[in-house]
Amino acid sequence: MFDYMTDITLVEKEREEHLTVEGDDLNSLLFHFLDEWLFLFSADPFFIPREVVIDEFDVENFKITCRGIGETFDLCKHPQGTEVKAITYSNMQVHDKDPTNDLYVIIDI
């Protein structure tokens, strides 16, 4: 998602932001996870992570604790890409079968 917004290879690892999100099922957990990161980018100061680390993933209680490592978005340093307006539930899919886990998300641009 953030790679749509800018070239994340230009984002330096200067600070961390921490999030905890919860959901009622895997789809709502994925939605809230992405939506909270999008909100954090839209808040002032605009935080853009280069890397997101999942510290805790509680599948039974649908809870994720994570941290983003990045910096404040700066138009002088980071090229402006596509604006992501929202995360949608439209056709959202979570396939959690071994040996892989696949996610399908449509973002509103």
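Rules and cut-offs
Residues numbered from 1 in each chain as written. Predicted model: local features only at pLDDT ≥ 70, side-chain atom pairs only at ≥ 80, totals over all residues. Heavy atoms only, no water. UniProt positions renumbered as here; feature names shortened; annotations may be inferred. Helix = DSSP H or I, 4+ residues; strand = E, 2+ residues; numbered from the N terminus. Salt bridge = Lys/Arg side-chain N within 4 Å of Asp/Glu carboxyl O. Pairing = 2+ DSSP bridges. Axes fitted to C-alpha atoms, helices over the stretch in contact; angles between N-to-C directions. Patch = residues over 30% accessible without salt bridge, like charges linked within 9 Å, V, L, I, M, F, W, Y side chains within 5 Å. Areas by Shrake-Rupley, 256 points an atom, 1.4 Å probe, with all protein chains shown as cover. Buried < 20%, exposed > 50% of the residue type's maximum accessible area, 1.4 Å probe, protein only.

### Brief notes about the UniProt feature "domain: Archease" (unreviewed entry) in the protein
- Mapped onto the present numbering, the UniProt feature "domain: Archease" (unreviewed entry) falls at residues 1-109.
- With 19% helix and 40% strand, residues 1-109 has end C-alpha atoms that lie 10 Å from one another.

### Describing the pattern of salt bridges
- Following the criterion strictly, the structure yields six salt bridges and no others.
- Linking Glu51 and Lys13 is a salt bridge whose minimum nitrogen-to-oxygen distance equals 2.7 Å. Of this pair, Glu51 sits in strand S2 (residues 47-58) while Lys13 sits in the loop between helix H1 (2-5) and strand S1 (15-22), and the two are 38 residues apart along the sequence.
- Close ionic contact of Glu16 with Arg67 constitutes a salt bridge, the shortest N to O distance being 3.6 Å. Taken together, the positions of Glu16 in strand S1 and Arg67 in strand S3 (residues 63-72) put the pair 51 residues apart, joining distant regions of the chain.
- Connected via shared salt-bridge partners are Glu12, Glu71 and Lys77.

### Here's the deal with the pairing of strand S5 (residues 93-97)
- With five bridges connecting them, S5 and strand S6 (residues 100-104) associate as antiparallel partners. Looking across to S6, one finds that Asp96 is bridged to Asn101.
- The hairpin turn running from S5 into S6, its antiparallel successor, is two residues long.

### Comments concerning the sheet that holds S1
- Strand order across the open sheet formed by three strands is S1-S3-S2, with antiparallel pairing between neighbours. Looking at the sheet topology across the chains shown, the edges are occupied by S1 and S2. Between one strand and the next, the sheet's axes are offset by a mean angle of 20°, whatever the strand orientation.
- For S2 and S3, the ladder comprises 10 bridges, and the chain directions are antiparallel. The residue bridging Ile48 from the neighbouring strand is Glu71, located in S3.

### Describing a nonpolar patch on the surface
- There is a patch of nonpolar side chains on the surface, built from Val52, Ile54, Phe57 and Val59 and spanning about 330 Å² of accessible area.
- Tracing the sequence through the fold places Phe57 in strand S2.

### A word on unusual backbone geometry
- In this structure, Pro45 follows Asp44 across a cis peptide bond, with omega equal to 0°.
- For Pro45, the position within the fold is in the loop between helix H2 (26-42) and S2.
- For the bond running from Asp98 to Pro99, omega is 10°, close enough to zero to count as cis.
- For Phe62, which is not glycine, the phi dihedral falls at a positive 50°.
- Structurally, Phe62 can be placed in the loop between S2 and S3.
- A positive phi angle, close to 60°, is found at Asn91, a residue other than glycine.
- Mapped onto the elements, Asn91 comes out in the loop between strand S4 (86-87) and S5.
- Relative accessible area serves as the criterion here: at 52%, Asn91 is assigned to the exposed category.

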